[in-house]
Amino acid sequence: MDSIWNTVLQMLEGSEITLEIFFITLVMALPLGLMAALGRLSKWRPVSLLMELYIWIMRGTPLMLQLLFVYFALPMVGIRLPDIAAALLAFTLNYAAYFAEIFRAGIQSVPKGQYEAAKTLGMSYPQTMRRIILPQVVRIVLPPVSNETINLVKDTSLIYILAMNDLLRVARTIVQREFDMTPVLIAGIFYLAMTFVLTWLFKKLEAHYGKYDK
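Residues numbered from 1 in each chain as written. Predicted model: local features only at pLDDT ≥ 70, side-chain atom pairs only at ≥ 80, totals over all residues. Heavy atoms only, no water.

Q: Whenever I open this one, the overall build of the chain confuses me. Can you help?
A: Of the regular secondary structure elements, the chain holds eight helices and zero strands. Walking the chain from its N terminus toward its C terminus, one meets helices and strands in the order α-α-α-α-α-α-α-α. Of all 214 residues assigned to the chain, the portion counted as buried reaches 38%. A sequence separation of at least 24 residues applies to 76% of the contacts in the chain between residues at least 6 apart. Carbon and sulfur atoms form 67% of the exposed surface of the chain, whose accessible area is close to 12,600 Å². In the chain, 19 side chains carry a positive charge and 15 a negative one; their mean positions are 15 Å apart. (Helix = DSSP H or I, 4+ residues; strand = E, 2+ residues; numbered from the N terminus. Buried < 20%, exposed > 50% of the residue type's maximum accessible area, 1.4 Å probe, protein only. Contact = heavy atoms within 4.5 Å. Areas by Shrake-Rupley, 256 points an atom, 1.4 Å probe, with all protein chains shown as cover. Lys, Arg positive; Asp, Glu negative; His and termini not counted. Charge placed at Lys NZ, Arg CZ, Asp CG, Glu CD.)

In structure tokens, the structure reads:
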């Protein structure tokens, strides 16, 4: 029993890195994704094409490849980042691209008549987006954002390739040292617990915003 408890304590330490990557990525990727979506919808063609290229590259290449590029390739051109910063840069750029497509679809699903009505009332484009469009977009995009957020929890396990002591790497280290698969089971429980909390939270949010459909 003491052995299991010690394993749990070590896993908790590893989960700190996992949660740090998760929360900081989410906080940075959501607004960046919204800006990328607005850029993608921009009538200024160079901005739209640039955002389209960025989204295509981020979604078209594996996250692991992007992690390796940031961690190993950037130092070759003189850009050296701490391990945590390298991981956050790769995760944020990757997930911002996915969130951008979700936000773009949400914005385009709002009827064009609402833009015209806002223009008739004398609202500028920023005012229209802030007061009329984005509040509706939040409700529309909650389910896909929920899915991507849960994927983010699981994808944090990829940082083990950067030799960071996240939840999965701690579990793997204990398994190799003690030849016991219990840490893998405990790691699975940790991930399930995190996804359960997120699923519950997003269900509450969907129920809250769903009231405005009635």
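Q: Any chance you could explain the environment of I24 here in plain terms?
A: Topologically, I24 is positioned in helix α1 (residues 2-40). We classify I24 as partly exposed; its relative accessible area is 30%. Considered as a pair, I24 and T92 are 68 residues apart in the sequence and their alpha carbons are 8.4 Å apart.

Q: Whenever I open this one, the nonpolar core confuses me. Can you help?
A: In summary, soluble globular proteins display a tendency toward joint burial of nonpolar side chains. Counting residues in each nonpolar core, the largest one holds 56 residues, and the members touching the most others are M11, L67, F91 and F99. Counting residues per element, the ones that place at least two in this core are α1, α2 (45-60), α3 (63-73), α4 (83-109), α6 (125-155), α7 (167-178) and α8 (182-210). Once residues lying within four places of it in the same chain are set aside, the contact partners of F91 are I21, T25, L63, L67, L152, D155, T156 and I159. (Core = buried A, V, L, I, M, F, W, Y, C linked by side-chain atoms within 4.5 Å.)

Q: How should I be thinking about the packing of α6 against α8 in this particular structure?
A: Two measures define how a pair of helices packs: the angle their axes make with one another and the distance between the axes. Closest axis-to-axis distance for the α6/α8 pair is 10 Å, and the angle between their directions is 175°. As summarised for this structure, α6 and α8 are arranged roughly antiparallel, according to the angle between their axes. Residue-level inspection shows V138, R139, L142, P143, V145, S146, T149, I150 and V153 of α6 in contact with α8, the latter providing Y191, M194, T195, L198, T199, F202, L205, E206 and Y209. Residue composition of the contact of α6 with α8, grouped by class: twelve nonpolar, four polar and two charged. (Axes fitted to C-alpha atoms, helices over the stretch in contact; angles between N-to-C directions. Parallel < 35°, antiparallel > 145°, perpendicular 65-115°, else oblique. Nonpolar A, V, L, I, M, F, W, Y, C, P; charged D, E, K, R; others polar.)

Q: Sorry if this is basic, but what is going on with the packing of aromatic side chains here?
A: To describe a pair of aromatic rings, one takes the distance between the centres and the angle between the planes. In the structure shown here, the tally under the stated rule is four aromatic pairs. Seen from their ring centres, Y71 and F72 are 4.9 Å apart, and the 90° between their planes marks the pair as edge-to-face. Judged by its relative accessible area of 23%, Y71 falls in the partly exposed class. These aromatic residues form a ring-pair network of at least three members: Y95, Y98 and F99. (Phe/Tyr/Trp six-rings, centres within 6.5 Å; stacked < 30°, edge-to-face > 60°.)

Q: So what exactly am I meant to see when it comes to the pattern of salt bridges here?
A: All told, the structure shown has three salt bridges when counted by the stated rule. A salt bridge links E52 to R40; its shortest N-O distance comes to 3.9 Å. A residue pair is termed long-range when its members are at least 10 positions apart, and E52 in helix α2 and R40 in helix α1 qualify at twelve residues. Judged by its relative accessible area of 22%, R40 is partly exposed. Of the charged contacts, one joins E101 and R104 as a salt bridge, the two residues approaching to 2.9 Å between their closest N and O atoms. Taken together, the residues span about one helical turn, with E101 and R104 both in helix α4 at a distance of three residues. Through salt bridges with shared partners, a single ionic network connects R59, E101 and R104. (Salt bridge = Lys/Arg side-chain N within 4 Å of Asp/Glu carboxyl O.)

Q: Help me out: how do you make sense of the layout of surface pockets in this one?
A: Rolled over the atoms, a probe sized like a water molecule indicates the empty space that remains. The space that makes up the largest pocket amounts to roughly 560 Å³. In terms of lining residues, the largest pocket is bounded by 15 residues, among which L41, K43, K112, Y115 and Y125 are the most central. For the lining of the largest pocket, the elements supplying multiple residues, two or more each, are α4, α5 (112-120) and α6. The element contributing the most residues to the lining of the largest pocket is α5, with four residues. Partitioning the lining of the largest pocket into residue classes produces seven nonpolar, four polar and four charged. Computed from the structure, the second largest pocket encloses a volume of approximately 250 Å³. As for the second largest pocket, its lining consists of 17 residues, of which L30, V138, V141, L142 and V145 are closest to the centre. Going through the elements one at a time, α1, α6 and α8 are the ones with two or more residues in the lining of the second largest pocket. Partitioned by chemical class, the residues of the lining of the second largest pocket number 17 nonpolar, no polar and no charged. (1 Å grid on protein atoms, 1.4 Å probe; cavity = no way out; pocket = protein on both sides within 12 Å on 5 of 7 lines; lining within 4 Å. Points joined across faces, edges and corners; volume = space filled by probe spheres on them.)

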